[in-house]
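Listed below are the residues making up each chain.
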Amino acid sequence: MRSVEDQQARVTAAAVAPRPVRVAISEAQGLQCAEEVVTERPLPGFDQAAIDGYAVRSVDLQPPSDTDGESATAEVTLPVVGEVRAGSRQPIRLQPRQAVRVDTGAPLPTLADAVLPLDNTDGGAARIKVLEPVRSGEYVRRTGDDVQPGDIAVRAGTIIGAAQVGLLAAVGRDKVLVHPRPRLSIISVGGELVDVDRTPGPGQVYDVNSYALAAAARDAGADVNRVGIASTDPKRLREVVEGQLIRAEIVVIAGAVGGGALEEVREALSDLGDLGVERIAMHPGSVQGFGRLGRDEVPTFLLPSNPVSALVVFEVMVRPLIRIALGRRQPMRRVVSARTVAPITSIPGRKGFLRGQLMRDEATGDYLVQALGGAAGSSSHLLATLAEANCLVIVDPEVSEIRTGDPVDVAFLGQRG
């Protein structure tokens, strides 16, 4: 029986990131930048007001000195000789001992070196009284304060978020080179399956896997094609799989690791490549398949028909491959140590990935975990408990029992809400 770590190493060695593509910045969020975005223009592109107020020369805000060189006590007042709104293209030249009303973002008049906030004046329309002066450069965004021509706005390897999209727009880039989402196809097989828009007959069940696994793949960052239920006829199944090998970087076939379904899949895909099914030292989902099929040696997975087992195998094996293809440096989930609030049992000799609820001790701040599976007498197939889980409790293969209060590793799942 192969260890989980050996199987993960085998899978991740097959990771191939799609070639970078240039996309609109509105479509780049969540993707990894594949180029050094060098700015061509300064940002801001002109001296501008950082606040609503009056453009002034700071030297004009100081009270005049008397004949003995002492500052006079007379208040400083300045005439307001114009107004500049944001977006104005009309240049204005400020003369000594004058003020110009400006809006936030408005271009600064020539010779102005500061903006006097409204709160520092009496708010006059034709003439203002200076209540508190400002220094040169205050409340002014100078040309190139943010970035200068030749500066790198977004570095290669950066995950593009809202701030990066905003910066790309600010430097005038409408497109950016990114590592695209890997394309992943989900196929369900099994003569017992019907789609959710039909009523199951005797012995039939809904196709849960193609929907659940497609959602998990999207959560991981893949561009998903949910093929749905494929025929078990070898010729037709081969046609379906071969078609997906052309369009996808990863193919997942659910419901094909045991019984007659496995033999049908093996017969259909035998000449497309080596697709081995073996036992992995993990639970749930110990029986699983992996290989590289087609001319491009596309990583292809065979997952159990049980939805819980399929989702756990996807989480442990397929999700890291997606994250690597996206260019993520850390493809695995974050793992923390938590104290158990109830006993947990696990299958000796297999690494357990047991669904659980992670909580926080309000008094100590420690993580606490309640296992939803893995307790004595529990069932591994219950999908409802997986829906309640926000973590996977990871139990080492040599451990069969964990007592209340013992520490255990816990992997965060996607946050709900």
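Every value quoted in this text rests on a predicted model; they were computed, and no experiment measured them.

How each quantity is defined
- Residues numbered from 1 in each chain as written.
- Predicted model: local features only at pLDDT ≥ 70, side-chain atom pairs only at ≥ 80, totals over all residues.
- Heavy atoms only, no water.
- Pairing = 2+ DSSP bridges.
- Helix = DSSP H or I, 4+ residues; strand = E, 2+ residues; numbered from the N terminus.
- Expected span 1.5 Å × (residues − 1).
- Buried < 20%, exposed > 50% of the residue type's maximum accessible area, 1.4 Å probe, protein only.
- Arc of directions from axis to C-beta.
- Domains from an automatic or database assignment.
- Salt bridge = Lys/Arg side-chain N within 4 Å of Asp/Glu carboxyl O.
- Contact = heavy atoms within 4.5 Å.
- Core = buried A, V, L, I, M, F, W, Y, C linked by side-chain atoms within 4.5 Å.
- Axes fitted to C-alpha atoms, helices over the stretch in contact; angles between N-to-C directions.
- Parallel < 35°, antiparallel > 145°, perpendicular 65-115°, else oblique.
- Left-handed = near helix turned anticlockwise from the far one by under 90°.
- Lys, Arg positive; Asp, Glu negative; His and termini not counted.
- Polar contact = N/O pair within 3.5 Å; in protein donor to acceptor, adjacent residues only side chain to side chain.

### Examining the pairing of strand β5 (residues 53–56)
Relative to strand β7 (residues 99–102), β5 runs antiparallel, the two sharing three bridges. Looking at β7, one finds that Y54 is bridged to R101.

### Here's the deal with helix α4 (residues 234–247)
Three- or four-residue spacings in an α-helix give side chains the same orientation, since the helix completes a turn every 3.6 residues. For α4, with 14 residues, the first-to-last C-alpha span of 20 Å sits near the 20 Å given by 1.5 Å per residue. Every buried residue of α4 is listed here: L237, V241, Q244 and L245. Angularly, the buried residues of α4 cover 105 degrees about the axis, an arc narrow enough to put them on a single face. Opposite its buried face, α4 presents the exposed residues K235, R236, E239 and I246, each directed more than 90 degrees away.

### Topic: the domain arrangement of the chain
You can read the domains of the chain as domain 1 (4–18 + 181–326), domain 2 (21–43 + 145–179), domain 3 (48–141) and domain 4 (335–412). Between domain 2 and domain 3, the C-alpha centre-to-centre distance is 36 Å.

### Describing the pattern of salt bridges
Under the definition given, this model contains 22 salt bridges. The structure contains a network of salt bridges with shared partners spanning E83, R85, R101 and D103.

### Remarks on helix α1 (residues 4–12)
Within the sequence span of α1, burial applies to V4, Q7, Q8 and V11. Take α1 and look down its axis: the buried residues cluster within an arc of 100 degrees, on one side only. The inward-facing, buried residues of α1 contact β18 (275–279), β19 (282–283), β20 (287–293), β21 (298–303), α6 (307–325) and β24 (351–360).

### Things to note about the nonpolar core
Judged by nonpolar contacts, the single largest core of 52 residues is most densely connected at L184, F301 and I322. The contacts of I322, once residues within four sequence positions are left out, are P182, L184, A217, A220, G221, A222, I250 and F314. If you look at the next biggest cluster of nonpolar residues, it comprises 21 residues, including V189, I253, L272 and V277.

### Considerations on the packing of helix α3 (residues 209–220) against α6
Remark: α3 packs on α6, axes separated minimally by 10 Å, with the N-to-C direction vectors making an angle of 30 degrees. Between α3 and α6, the angle falls in the class roughly parallel. Judged by the twist between their axes, the crossing of α3 over α6 is right-handed. Here N209, A212, L213, A216, A217, D219 and A220 of α3 lie close against α6, whose contacting residues are P307, A310, L311, F314, R319, I322 and R323.

### What about the side chain of D207?
Summarising the element assignment, D207 is placed in the loop between β15 (205–206) and α3. Salt bridges are absent for the buried D207, whose nearest opposite-charge side chain, R226, sits at 4.0 Å. A polar side-chain atom of D207 sits 2.5 Å from a polar atom in the side chain of S210. Apart from the residues within four sequence positions on either side, D207 is in contact with S188, L193, V194, V196, R226, G228 and I229.

### A closer look at unusual backbone geometry
A cis amide bond, omega -5 degrees, links L43 with the succeeding residue P44. Here P44 shows up in the loop between β3 (37–38) and β4 (48–49). The omega torsion across H283 and P284 is -5 degrees, close enough to zero to call that bond cis. Relative to the helices and strands, P284 is located in the loop between β19 and β20.

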